[in-house]
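What follows is the residue order along each chain.
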Amino acid sequence: MSKLRPLDAERRAQRPDSANFSEALARGLSVITAFDDQRRRMTLSDVARVVDLPRATVRRALATLVGLGYLEAEGRLFRLTPRILKLAAAYLSSNTVSSILQPVCERLSQQVGASCSVAVLDGDEAVMIARAVPARPPAMGLGVGYRLPVFCSALGRALASGMADQDLEAYLARLQPERFTRQTVIAKLEIRRLILDVRRKGYALVDQEAEVGIRSIAVPLRRFDGKPVAALNIGVQPEQVPARTMVAEYAPLLLQEADALQAQLV
């Protein structure tokens with residue numbers, strides 16, 4: 001087993017579960033998550049630079065992942081294989097939220113003729129775990145696994161509204177807002193006000209703050225005991241549906257769905 005670098009050893013010692021923490025597994029997962037839409041194929045050196053690990057460590061991780069079928073090598077380049085989807089499938093098939101809400105998304109999408117998604121909180125991002133679109137080509141990149149920033153997306157603000165006060169303040173303290181469009185709100189006090197406003201109104205309406213050409217309305221979803229677990233949204237192109245129509249028609253529809261689903265979410 002390779003010796004930990006001083007920085008890695010210090011980080012592991014600071015973990016409350018350091019005695020049971022598997023450094024090898026953590027390194028392997030960091031190699032997997034180094035690949036994305038901007039880094040579809042990488043050399044060993046590329047991966048080592050992204051994950052900030054020694055080349056020898058990365059070489060062993062890559063060889064192991066190739067042997068298990070999660071990566072494939074093309075000369076000096078490595079890329080993910082479809083087998084990596086088994087990891088996502090394990091979550092989606094075992095998570096009752098996604099299995100219950102995929103049919104809901106499909107029904108709502110057909111009812112309103114717009115995209116419908118469910119997201120959960122993962123760190124400081126909202127990650128989609130269910131999605132349905134009308135019978136027309138969906139926007140590229142949007143789908144299960146797609147991530148949105150919490151602070152400027154309807155799904156994210158709906159999720160943030162369910163945070164405990166101390167967790168919300170901690171999130172805002174570490175937040176470094178980035179302007180994604182001309183309409184993105186980046187003032188922390190205003191972001192805080194908008195999130196708290198979701199608690200009062202029950203829904204979040206965001207107009208082209210996270211992405212140009214997307215107007216979205218979302219509501220938090222709570223499980224049977226009242227704990228927030230996800231958010232449900234409807235997204236449209238701005239020219240399709242006016243914001244006032246989304247508030248007047250889509251917000252009550254989503255809130256009704258949220259009430260009906262609460263007993264099913266465990």
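Our next topic: the overall build of the chain. Helix and strand counts for the chain come out as 10 helices and 8 strands. Within the chain, counting contacts between residues at least 6 apart in sequence, those at least 24 apart form 54% of the total. In the form shown here, the chain has an accessible surface area of approximately 14600 Å², with 54% of it arising from carbon and sulfur atoms.

Attention now moves to helix α3 (residues 44–51). Along α3, the residues classified as buried are Leu44, Val47, Ala48 and Val51. Looking straight down α3, one finds that the buried residues subtend no more than 100 degrees of arc, so they occupy a single side. Contact partners of the buried residues in α3: α2 (23–33), α4 (55–68) and β2 (77–80). Following α3 by one or two positions, Asp52 adopts a phi angle in the positive range, close to 55 degrees.

Summed over the entire model, instances satisfying the criterion amount to 17 salt bridges. When the shortest N-O distance is used, the salt bridge between Arg147 and Asp122 registers 2.6 Å. Taken together, the residues span a long stretch of sequence, with Arg147 in strand β5 (residues 147–149) and Asp122 in strand β3 (residues 115–122) at a distance of 25 residues. Given the relative accessible area of 37%, Arg147 is considered partly exposed. Notably, a salt bridge pairs Lys201 with Asp197, separated by 3.1 Å at the nearest N-O pair. Taken as a pair, Lys201 and Asp197 lie in helix α9 (residues 188–201) at a separation of 4 residues, close to a single helical turn. Each of Arg41, Glu72, Glu74 and Arg79 takes part in salt bridges that share partners, so that together they form one network.

A word on the pairing of strand β8 (residues 228–236). Within β8, 7 of the 9 residues are buried, which leaves the element mostly enclosed by the surrounding structure. In the sheet, β3 pairs with β8 via 5 bridges, with the strands oriented antiparallel. Each residue of the ladder has a partner; that of Val118, found in β8, is Leu232. Note that strand β7 (residues 215–222) and β8 share 8 bridges and pair antiparallel. Directly across from Pro220, in β8, lies its bridge partner Ala231. Connecting β7 to the next strand, β8, in antiparallel fashion are 5 residues, including Gly226 with a positive phi near 95 degrees.

Looking now at the environment of Arg60. Mapped onto the elements, Arg60 comes out in helix α4. Under the relative-accessibility criterion, Arg60 is labelled partly exposed at 43%. Sequence spacing of Arg60 and Gly28 is 32 residues, and the spatial spacing of their C-alpha atoms is 9.0 Å.

Below, the discussion takes up a positive patch on the surface. Judged by side-chain charge, Arg55, Arg59, Arg60 and Arg76 come together as a positively charged surface patch. Position of Arg76 among the secondary structure elements: in the loop between β1 (71–74) and β2. Residue classification places Arg76 among the exposed residues on the basis of a relative accessible area of 62%.

Adjacent strands of a sheet form backbone hydrogen bonds with each other and so pair up, either parallel or antiparallel. What the 6 strands build is an open sheet, ordered β5-β4-β3-β8-β7-β6; its pairing is antiparallel. Since the sheet does not close on itself, it has two edges, and those belong to β5 and β6 (204–207), each with one partner. For this sheet, the mean angle separating the axes of adjacent strands, direction not counted, is 30 degrees. Helix α10 (residues 243–261) rests against β6, β7 and β8 of the sheet, and its axis sits at about 20 degrees to β7.

Next up on the list: the layout of surface pockets. Estimates place the volume of the largest pocket at around 1500 Å³. Together, 28 residues line the largest pocket, and Phe35, Val144, Gly145, Tyr146 and Arg147 are the ones closest to its centre. At the level of secondary structure, the elements contributing two or more residues to the lining of the largest pocket comprise α2, α5 (85–94), β3 and β4 (125–132). Considered class by class, the residues forming the lining of the largest pocket number 17 nonpolar, 4 polar and 7 charged.

Definitions and cut-offs
Residues numbered from 1 in each chain as written. Predicted model: local features only at pLDDT ≥ 70, side-chain atom pairs only at ≥ 80, totals over all residues. Heavy atoms only, no water. Helix = DSSP H or I, 4+ residues; strand = E, 2+ residues; numbered from the N terminus. Contact = heavy atoms within 4.5 Å. Areas by Shrake-Rupley, 256 points an atom, 1.4 Å probe, with all protein chains shown as cover. Buried < 20%, exposed > 50% of the residue type's maximum accessible area, 1.4 Å probe, protein only. Arc of directions from axis to C-beta. Salt bridge = Lys/Arg side-chain N within 4 Å of Asp/Glu carboxyl O. Pairing = 2+ DSSP bridges. Patch = residues over 30% accessible without salt bridge, like charges linked within 9 Å, V, L, I, M, F, W, Y side chains within 5 Å. Lys, Arg positive; Asp, Glu negative; His and termini not counted. Charge placed at Lys NZ, Arg CZ, Asp CG, Glu CD. Axes fitted to C-alpha atoms, helices over the stretch in contact; angles between N-to-C directions. 1 Å grid on protein atoms, 1.4 Å probe; cavity = no way out; pocket = protein on both sides within 12 Å on 5 of 7 lines; lining within 4 Å. Points joined across faces, edges and corners; volume = space filled by probe spheres on them. Nonpolar A, V, L, I, M, F, W, Y, C, P; charged D, E, K, R; others polar.

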